[in-house]
Amino acid sequence: MPHDHHDHVSPSGHPYRADDDTPLSYWQTMEIAVRELLVEKDITTAEEINTQIDAMDARSPAIGAALVARAWCDPEFKTQLLADASAASREMGFDIGPMHLIALENTADTHNIVVCTLCSCYPRNLLGLPPDWYKSRAYRSRTVKEPRKVLSEFGVNLPNSMPIRVHDSTADMRYFVIPMRPDGTEDLSQDALAALVTRDSMIGTGIATAPIT
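Residues numbered from 1 in each chain as written. Predicted model: local features only at pLDDT ≥ 70, side-chain atom pairs only at ≥ 80, totals over all residues. Heavy atoms only, no water.

Undergrad: Describe in detail the overall build of the chain, supporting the description with residues and values.
TA: When helices and strands are counted, the chain shows 11 helices and 4 strands. The buried share among the 213 residues of the chain stands at 35%. Residue pairs at least 24 apart in sequence account for 63% of intrachain contacts in the chain once pairs closer than 6 positions are excluded. Counting every atom, the chain has about 13,400 Å² of accessible surface; 54% of that belongs to carbon and sulfur. (Helix = DSSP H or I, 4+ residues; strand = E, 2+ residues; numbered from the N terminus. Buried < 20%, exposed > 50% of the residue type's maximum accessible area, 1.4 Å probe, protein only. Contact = heavy atoms within 4.5 Å. Areas by Shrake-Rupley, 256 points an atom, 1.4 Å probe, with all protein chains shown as cover.)

Undergrad: Explain the packing of helix H3 (residues 61-73) against helix H4 (residues 75-83) to me, and be specific about the residues and the numbers.
TA: At a minimum axis distance of 5 Å, the contact between H3 and H4 shows a crossing angle of 125°. One way to sum up the angle between H3 and H4 is to call them oblique. Like other packed secondary-structure pairs, H3 and H4 cross with a definite hand, here left-handed. Contact residues: H3 offers Leu 67, Arg 70, Ala 71 and Cys 73, while H4 offers Pro 75, Phe 77, Lys 78 and Leu 81. (Axes fitted to C-alpha atoms, helices over the stretch in contact; angles between N-to-C directions. Parallel < 35°, antiparallel > 145°, perpendicular 65-115°, else oblique. Left-handed = near helix turned anticlockwise from the far one by under 90°.)

Undergrad: Tell me about the nonpolar core, and please be specific about residues and values.
TA: Leu 81 and Phe 176 are the most contacted members of the largest nonpolar core, which has 43 residues in total. Ranked by residue count, the leading element in this core is H3, at 7 residues. Discounting chain neighbours no more than four positions away, the residues touching Leu 81 are Leu 67, Ala 71, Ala 88, Ala 103, Phe 176 and Ile 178. (Core = buried A, V, L, I, M, F, W, Y, C linked by side-chain atoms within 4.5 Å.)

Undergrad: Can you lay out unusual backbone geometry for me, pointing to particular residues and giving the numbers?
TA: Phi is positive for Asp 42, close to 60°, though the residue is something other than glycine. For Asp 42, the position within the fold is in the loop between helix H1 (26-40) and helix H2 (46-58).

Undergrad: Hey, could you go over the packing of aromatic side chains for me, with residue numbers and the actual values?
TA: Here the structure, examined in full by the defined rule, presents 7 aromatic pairs. For the pair Tyr 26 and Trp 27, a centre-to-centre distance of 4.9 Å together with 80° between the ring planes defines the contact as edge-to-face. Trp 27 shares its class with Tyr 26; the two are exposed. Clustering of aromatic rings is evident, with ring pairs tying together Tyr 122, Trp 133, Tyr 134, Tyr 139 and Phe 154. (Phe/Tyr/Trp six-rings, centres within 6.5 Å; stacked < 30°, edge-to-face > 60°.)

Now the structure itself:
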(Lines give C-alpha, C1' and ligand atoms only; values in the text may rest on other atoms or scores of the structure.)
Protein backbone atom coordinates (compact mmCIF):
# COMPACT_ATOMS: atom_id res chain seq x y z
CA MET A 1 0.00 0.00 0.00
CA PRO A 2 1.62 3.30 -1.04
CA HIS A 3 2.36 6.00 1.49
CA ASP A 4 2.44 9.73 0.96
CA HIS A 5 5.62 10.90 2.68
CA HIS A 6 5.09 14.60 2.23
CA ASP A 7 7.32 15.46 5.16
CA HIS A 8 9.65 12.45 4.69
CA VAL A 9 9.24 11.47 8.34
CA SER A 10 7.96 8.09 9.50
CA PRO A 11 5.33 7.66 12.25
CA SER A 12 8.21 6.93 14.64
CA GLY A 13 9.67 10.34 13.95
CA HIS A 14 12.68 9.07 11.99
CA PRO A 15 13.36 10.07 8.37
CA TYR A 16 12.43 7.53 5.73
CA ARG A 17 15.34 5.83 4.03
CA ALA A 18 15.23 4.14 0.67
CA ASP A 19 15.52 0.35 0.75
CA ASP A 20 18.98 -0.94 -0.04
CA ASP A 21 17.75 -3.34 -2.71
CA THR A 22 19.90 -2.31 -5.67
CA PRO A 23 21.61 -5.07 -7.71
CA LEU A 24 24.96 -6.31 -6.43
CA SER A 25 27.99 -4.64 -7.96
CA TYR A 26 30.67 -6.64 -9.75
CA TRP A 27 32.96 -6.47 -6.71
CA GLN A 28 30.23 -7.47 -4.29
CA THR A 29 29.46 -10.50 -6.45
CA MET A 30 33.15 -11.40 -6.61
CA GLU A 31 33.52 -11.11 -2.83
CA ILE A 32 30.62 -13.48 -2.24
CA ALA A 33 31.96 -15.95 -4.80
CA VAL A 34 35.50 -15.98 -3.39
CA ARG A 35 34.24 -16.23 0.20
CA GLU A 36 31.97 -19.17 -0.60
CA LEU A 37 34.76 -20.88 -2.56
CA LEU A 38 37.19 -20.55 0.36
CA VAL A 39 34.64 -22.14 2.69
CA GLU A 40 33.79 -24.88 0.19
CA LYS A 41 37.51 -25.77 -0.20
CA ASP A 42 37.93 -25.92 3.60
CA ILE A 43 40.54 -23.15 3.48
CA THR A 44 38.58 -21.25 6.10
CA THR A 45 35.17 -21.35 7.74
CA ALA A 46 32.26 -18.95 7.87
CA GLU A 47 32.86 -18.62 11.62
CA GLU A 48 36.50 -17.61 11.10
CA ILE A 49 35.47 -15.02 8.52
CA ASN A 50 32.84 -13.59 10.84
CA THR A 51 35.35 -13.48 13.69
CA GLN A 52 37.77 -11.46 11.58
CA ILE A 53 34.99 -9.10 10.49
CA ASP A 54 33.95 -8.60 14.11
CA ALA A 55 37.58 -7.94 15.09
CA MET A 56 37.94 -5.31 12.38
CA ASP A 57 34.64 -3.66 13.28
CA ALA A 58 35.74 -3.52 16.93
CA ARG A 59 38.84 -1.46 16.11
CA SER A 60 38.43 2.23 16.76
CA PRO A 61 40.44 5.46 16.93
CA ALA A 62 40.92 4.76 20.64
CA ILE A 63 43.92 2.58 19.72
CA GLY A 64 45.67 5.44 17.94
CA ALA A 65 44.65 7.85 20.68
CA ALA A 66 46.41 5.67 23.25
CA LEU A 67 49.63 5.88 21.21
CA VAL A 68 49.35 9.66 20.93
CA ALA A 69 48.64 10.14 24.63
CA ARG A 70 51.66 8.07 25.62
CA ALA A 71 53.83 10.01 23.15
CA TRP A 72 52.66 13.24 24.78
CA CYS A 73 53.61 11.92 28.23
CA ASP A 74 56.74 9.91 27.43
CA PRO A 75 59.45 11.65 25.34
CA GLU A 76 61.40 8.41 24.90
CA PHE A 77 58.34 6.63 23.56
CA LYS A 78 57.62 9.55 21.19
CA THR A 79 61.15 9.23 19.82
CA GLN A 80 60.57 5.50 19.31
CA LEU A 81 57.17 6.12 17.71
CA LEU A 82 58.61 8.62 15.23
CA ALA A 83 61.52 6.30 14.43
CA ASP A 84 59.48 3.11 13.97
CA ALA A 85 55.74 3.45 14.54
CA SER A 86 55.11 -0.20 13.69
CA ALA A 87 57.47 -1.45 16.41
CA ALA A 88 56.22 1.11 18.95
CA SER A 89 52.60 0.05 18.33
CA ARG A 90 53.46 -3.60 18.82
CA GLU A 91 55.38 -2.73 21.98
CA MET A 92 52.11 -1.37 23.39
CA GLY A 93 50.40 -4.64 22.48
CA PHE A 94 48.50 -3.46 19.40
CA ASP A 95 48.22 -5.89 16.51
CA ILE A 96 48.83 -3.89 13.34
CA GLY A 97 49.81 -6.85 11.18
CA PRO A 98 52.58 -6.42 8.59
CA MET A 99 51.65 -2.78 8.01
CA HIS A 100 54.54 -0.30 7.66
CA LEU A 101 53.29 2.53 9.85
CA ILE A 102 54.81 6.01 9.89
CA ALA A 103 54.01 8.58 12.57
CA LEU A 104 54.04 12.28 11.67
CA GLU A 105 54.32 14.96 14.33
CA ASN A 106 52.39 18.21 14.05
CA THR A 107 54.31 21.12 15.52
CA ALA A 108 53.95 24.87 15.81
CA ASP A 109 55.94 25.08 12.57
CA THR A 110 54.44 22.30 10.41
CA HIS A 111 51.04 20.71 9.89
CA ASN A 112 50.68 17.22 8.38
CA ILE A 113 47.65 15.79 6.61
CA VAL A 114 47.15 12.27 5.28
CA VAL A 115 45.39 11.18 2.11
CA CYS A 116 45.34 8.21 -0.26
CA THR A 117 45.12 9.56 -3.79
CA LEU A 118 44.63 6.20 -5.52
CA CYS A 119 41.98 4.58 -3.34
CA SER A 120 41.47 4.61 0.44
CA CYS A 121 44.57 3.12 2.09
CA TYR A 122 44.15 3.82 5.79
CA PRO A 123 45.60 2.46 9.07
CA ARG A 124 42.44 0.55 9.97
CA ASN A 125 44.21 -1.53 12.63
CA LEU A 126 45.00 1.73 14.41
CA LEU A 127 42.02 4.00 13.63
CA GLY A 128 39.20 1.64 12.71
CA LEU A 129 37.19 2.03 9.52
CA PRO A 130 37.88 5.16 7.44
CA PRO A 131 35.21 7.85 7.24
CA ASP A 132 33.29 8.09 3.97
CA TRP A 133 34.78 11.48 3.13
CA TYR A 134 38.32 10.02 3.29
CA LYS A 135 37.38 7.67 0.45
CA SER A 136 35.68 10.32 -1.66
CA ARG A 137 37.19 11.49 -4.94
CA ALA A 138 36.85 15.11 -3.82
CA TYR A 139 39.02 14.63 -0.71
CA ARG A 140 41.56 12.47 -2.54
CA SER A 141 42.09 15.00 -5.32
CA ARG A 142 41.61 18.33 -3.58
CA THR A 143 43.83 17.58 -0.58
CA VAL A 144 46.84 17.36 -2.86
CA LYS A 145 45.99 20.49 -4.85
CA GLU A 146 44.55 22.78 -2.17
CA PRO A 147 45.25 21.34 1.30
CA ARG A 148 44.86 24.67 3.09
CA LYS A 149 41.36 25.17 1.68
CA VAL A 150 40.38 21.58 2.52
CA LEU A 151 41.58 22.06 6.09
CA SER A 152 39.59 25.28 6.42
CA GLU A 153 36.46 23.36 5.44
CA PHE A 154 37.17 21.02 8.37
CA GLY A 155 37.47 24.06 10.64
CA VAL A 156 41.28 24.01 10.79
CA ASN A 157 42.44 27.50 9.83
CA LEU A 158 46.20 27.78 9.67
CA PRO A 159 48.31 30.88 9.07
CA ASN A 160 49.54 31.26 5.51
CA SER A 161 53.09 31.12 6.80
CA MET A 162 52.69 27.56 8.18
CA PRO A 163 53.83 24.82 5.79
CA ILE A 164 51.39 21.98 5.17
CA ARG A 165 52.82 18.61 4.27
CA VAL A 166 50.55 16.17 2.43
CA HIS A 167 51.39 12.48 2.83
CA ASP A 168 50.04 9.95 0.32
CA SER A 169 49.36 6.52 1.82
CA THR A 170 49.94 3.36 -0.18
CA ALA A 171 49.06 -0.31 0.12
CA ASP A 172 52.41 -0.93 1.83
CA MET A 173 52.79 2.23 3.89
CA ARG A 174 50.28 4.01 6.12
CA TYR A 175 50.60 7.29 7.99
CA PHE A 176 49.02 8.72 11.10
CA VAL A 177 49.46 12.11 12.73
CA ILE A 178 50.52 12.91 16.28
CA PRO A 179 48.58 16.13 16.87
CA MET A 180 49.96 18.91 19.03
CA ARG A 181 49.22 18.51 22.71
CA PRO A 182 46.68 21.15 23.78
CA ASP A 183 47.80 23.85 26.16
CA GLY A 184 46.60 23.56 29.73
CA THR A 185 46.67 19.75 29.86
CA GLU A 186 49.84 19.37 31.93
CA ASP A 187 47.96 17.88 34.91
CA LEU A 188 45.84 15.39 32.93
CA SER A 189 46.43 11.67 33.15
CA GLN A 190 47.38 9.64 30.10
CA ASP A 191 43.85 8.24 29.85
CA ALA A 192 42.37 11.73 30.09
CA LEU A 193 44.72 12.92 27.35
CA ALA A 194 43.70 10.03 25.10
CA ALA A 195 40.09 11.22 25.36
CA LEU A 196 41.13 14.50 23.70
CA VAL A 197 42.56 12.80 20.62
CA THR A 198 40.05 12.54 17.79
CA ARG A 199 40.15 10.44 14.65
CA ASP A 200 40.35 13.56 12.49
CA SER A 201 43.31 14.91 14.46
CA MET A 202 45.21 11.70 13.63
CA ILE A 203 44.42 12.15 9.93
CA GLY A 204 45.42 15.79 10.10
CA THR A 205 41.99 17.23 9.33
CA GLY A 206 41.41 18.13 12.97
CA ILE A 207 43.25 19.17 16.11
CA ALA A 208 43.20 17.93 19.67
CA THR A 209 41.46 20.39 21.94
CA ALA A 210 41.54 20.78 25.71
CA PRO A 211 38.32 20.16 27.61
CA ILE A 212 36.32 23.19 28.64
CA THR A 213 36.66 23.82 32.38
